[in-house]
Amino acid sequence: MDTNTISYDPEAYRFKTISEFKTSMRYGAEVVIEWQGQEYGIWSENGSIRITCSDIPNENNIFENSDAALEYMVGSDRLRDVITQVTVLDRTI
């Protein structure tokens, strides 16, 4: 058994508050989330936030800050409204 392997714990990866998401972005986080069957990549890049959707070719949105990124529509929901409910598949912590 490899003792260096860290198992995936959805509860540990989940954002508990909007503030936690914003702080994470401020420190350069890279996140992969799933919402209603769609996967999205979110990461901080030179002070801005980039969001991509795996199912939409060339979907590449750049936002000035995390507040603007939280207005992004994930499916029919604003990211702000569901960030504490999404499944976080991967996250730099």
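Please refer to the structure placed before this passage.
Please read all numbers here as calculations on a predicted model, not as lab measurements.

Draft legend 1. Region of interest: the overall build of the protein. Secondary structure summary: the protein contains four helices and seven strands in total. When its helices and strands are written in sequence order, the protein yields α-α-β-β-β-β-α-β-β-α-β. For 93 residues, the compact-globule estimate of 2.2 N^0.38 gives 12 Å, and the protein sits close to it at 13 Å. Expressed as a percentage of the 93 residues in the protein, the buried residues total 31%. Only carbon and sulfur atoms are counted for the fraction: they give 48% of the accessible area of the protein, which is about 5700 Å². When the 8 positive and 16 negative side-chain charges of the protein are each reduced to one mean point, those points stand 8 Å apart.

Draft legend 2. Local environment of the nonpolar core. Of all hydrophobic cores here, the largest spans 23 residues; its most connected members are Phe21, Val31, Ile33, Tyr40, Ile42, Ile51 and Leu79. Of all the secondary structure elements, the ones that give two or more residues to this core are helix H2 (18–26), strand S1 (30–35), strand S2 (38–45), strand S3 (48–53) and helix H4 (79–82). Ignoring anything within four residues of it in the chain, the contact list for Ile42 reads Phe21, Met25, Ala29, Glu30, Val31, Ile33, Ile49, Arg50, Ile51 and Leu79.

Draft legend 3. Seen up close, the side chain of Ser66. Within the element layout of this structure, Ser66 appears in helix H3 (residues 66–69). With residues up to four places along the chain from it excluded, the contact list for Ser66 reads Phe21, Lys22, Met25 and Ile49.

Draft legend 4. Just the packing of aromatic side chains, in detail. For the coordinates displayed, the defined rule picks out three aromatic pairs. Ring geometry for Phe15 versus Phe21: centroids 5.3 Å apart, planes at 85°, classification edge-to-face. Ring geometry for Phe63 and Tyr72: centres 5.9 Å apart, planes at 70°, overall edge-to-face. You can call Phe63 buried: its relative accessible area is 17%. Given the relative accessible area of 9%, Tyr72 is considered buried. What links up through ring pairs into an aromatic cluster is the set Tyr40, Phe63 and Tyr72.

Draft legend 5. Fine view of the sheet that holds strand S4 (residues 60–63). Read across the sheet, five strands follow the order S4-S3-S2-S1-S7 without closing on themselves; strand pairing throughout is antiparallel. Looking at the sheet topology across the chains shown, the edges are occupied by S4 and strand S7 (87–91). Going across the sheet, the axis of each strand differs from the next one's by a mean of 20°, ignoring polarity. As paired strands, S2 and S3 are joined by six bridges and run antiparallel to one another. Residue pairing for S3: Ser44 is matched across the bridge by Ile49. Against the sheet, H2 makes contact with S1, S2, S3 and S7, and its axis sits at roughly 55° relative to S2, the strand it touches most.

Conventions used here
- Residues take numbers from 1 onward in each chain, read along the sequence in its written order.
- Note on the predicted model: pLDDT of at least 70 is required for a residue's local features to be given, and 80 or more for side-chain atom pairs to be given and counted; whole-chain, interface and lining totals, by contrast, use all residues.
- Hydrogens and waters are ignored; side-chain quantities use all the structure's heavy atoms.
- Secondary structure elements follow DSSP: runs of H or I no shorter than four residues count as helices, runs of E no shorter than two count as strands, and numbering proceeds from the N terminus.
- C-alpha atoms define the radius of gyration, and 2.2 Å times the number of residues to the power 0.38 defines the globule rule.
- Accessibility here uses a 1.4 Å probe with only protein chains present; expressed as a share of the type maximum, an area under 20% marks a residue as buried, one over 50% as exposed, and anything in between as partly exposed.
- Areas reported as accessible are Shrake-Rupley estimates using a 1.4 Å probe. Residue values count occlusion only from the protein chains shown.
- Charged residues are defined here as Lys and Arg on the positive side and Asp and Glu on the negative side; His and the ends of the chain fall outside this count.
- Charge positions come from single atoms, namely NZ of Lys, CZ of Arg, CG of Asp or CD of Glu.
- Within this scheme, the nonpolar core is defined by two criteria: the residues are buried Ala, Val, Leu, Ile, Met, Phe, Trp, Tyr or Cys, and they are joined through side-chain atoms within 4.5 Å.
- Residue contacts are defined here by distance: any two heavy atoms, one from each residue, within 4.5 Å place the two residues in contact.
- Centres within 6.5 Å make a pair out of two Phe, Tyr or Trp rings, where for Trp the six-membered ring is used; the pair is then stacked when the planes are under 30 degrees apart, edge-to-face when over 60, and tilted otherwise.
- Strand pairing is assigned whenever DSSP detects at least two bridges linking the two strands.
- The angle between two axes is taken between their N-to-C directions and runs from 0 to 180 degrees, where each axis is a line fitted to C-alpha atoms and a helix contributes only its stretch in contact.

By themselves, these figures tell us nothing about what the structure is for.
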